[in-house]
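# Residue-level structure breakdown
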Amino acid sequence: MTGSGPQRIRAVRKRRKSQWRGFLYIAPAMALVIVFFVMPVLFTGWMSLHNWPLMGAARWIGFANYIRMWNDSRFMAALNFTAYYTVIVTIAIFAIAFPLAIFVEKERRFVSTYRTIIFLPVVVGLATASLLWVWLANVDSGFVGPTLRALGLVERSPNIMASFDTAFATIIVMVVWKIAGFTMIILLTGLQAIPSELTEAARIDGAGRWQRFRHLTLPLMRKTIALALIVSVTGSILAFDQFYIMTAGGPQNKMISVVYYIFNQSFVSFNLGYGSALSIVLLAILVAISVVQLWLLRVGEER
């Protein structure tokens, strides 16, 4: 009995020492998060409570910037367009990436080459890809218009960036071409994590391809799909480069995303306080969407 006390004390000291050692290991990462995320967010929140011009002294106005955005029709239009773009591009990306992941998951001839070719656009920067597609869509020196004219489909090269429908479709195609390979890799990891014994057992039991996909593949890939969905939705809501470079918000200012509008308010109109308030609201929207997606994932697992 007398020896149990010192042993317990040594065990507690050892546990505390191990905890402090673990804290030291994560301290650099925590410092980076605090310096480059927590502090900027707090400072942005502080700015949002001020009338903060680019030059001159800031003036405290409380929640006036947040009240202002509810009556800002242009912000609401940007929010609606961003939601519309997010839904369309996310569906398009998954519609392409999932079949590609299934195609390259099986071991076949040249499968590594296929994976490389499909993933190759991912390494191209989004701004570079946008500039490339601006050239492709150019009326005179591009590729699309002259090709259509050479095939006899049109008499004159159309300016596909002049109307909302064709410009929006062009941006969707560009983003899918750029991002689908990345989503494919995420989904591919989920497919490869499914035990082959389960698939073989389902095949022996007489389950067809669609039955195996619906009742085996999709449930086992729930977490992988959720990860790919969160990444796709978050990236789509934060879309900026393609609209700024390819359309400059046009035609008729119909392609102004939320981030583009924040950029205009902050660095064109120099309303840094209002731009900060918009940024905080956008952050809250992203957090809410991620929480809902994770909650739906947990509900699905409980079933």
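Before any of the text, the structure's been laid out above.
Quantities reported herein were computed from a predicted structural model and do not represent experimental measurements. (Residues numbered from 1 in each chain as written. Predicted model: local features only at pLDDT ≥ 70, side-chain atom pairs only at ≥ 80, totals over all residues. Heavy atoms only, no water.)

### Some thoughts on the environment of arginine 156
Cut-off, in case you're wondering: Think of it this way: any DSSP run of H or I at least four residues long counts as a helix, any run of E at least two long counts as a strand, and we number them from the N terminus.
Locating arginine 156 in the fold gives a position in the loop between helix H6 (144-150) and helix H7 (164-193). Each C-alpha atom of the pair arginine 156 and arginine 74 lies 35 Å from the other, and the pair is 82 residues apart in sequence.

### Some thoughts on the packing of aromatic side chains
For clarity, the cut-off: Any Phe, Tyr or Trp ring, taking Trp's six-membered ring, that has another such ring centre within 6.5 Å forms a pair; planes under 30 degrees apart are called stacked, those over 60 apart edge-to-face, and the others tilted. Think of it in three bands: residues with accessible area under 20% of the maximum for their type are buried, residues over 50% are exposed, and the middle band is partly exposed, with areas taken using a 1.4 Å probe on protein chains only. The criterion is that NZ of a Lys, or CZ of an Arg, lies within 6 Å of the ring centre and within 35 degrees of the ring normal, and then a charge sits over that ring.
Applying the stated criterion to the full structure yields 20 aromatic pairs. Aromatic pair tryptophan 133 and tryptophan 177: ring centres 6.0 Å apart, planes at 55 degrees, arrangement tilted. Within this pair, whereas tryptophan 133 is found in helix H5 (residues 126-136), its partner tryptophan 177 is found in helix H7, the two being separated by 44 residues in sequence. Looking at tryptophan 133, the relative accessible area reads 16%, which means it is buried. Geometrically, the ring pair formed by phenylalanine 240 and tyrosine 244 is stacked, given 5.2 Å between the ring centres and 20 degrees between the ring planes. Classification of phenylalanine 240 by relative accessible area gives buried; the value is 18%. Taken together, the ring pairs in this structure connect Phe81, Tyr84, Tyr85, Phe164, Phe168 and Phe243 into an aromatic cluster. Just above the ring of tyrosine 274 sits the side chain of arginine 68; from NZ or CZ to the centre is 3.8 Å.

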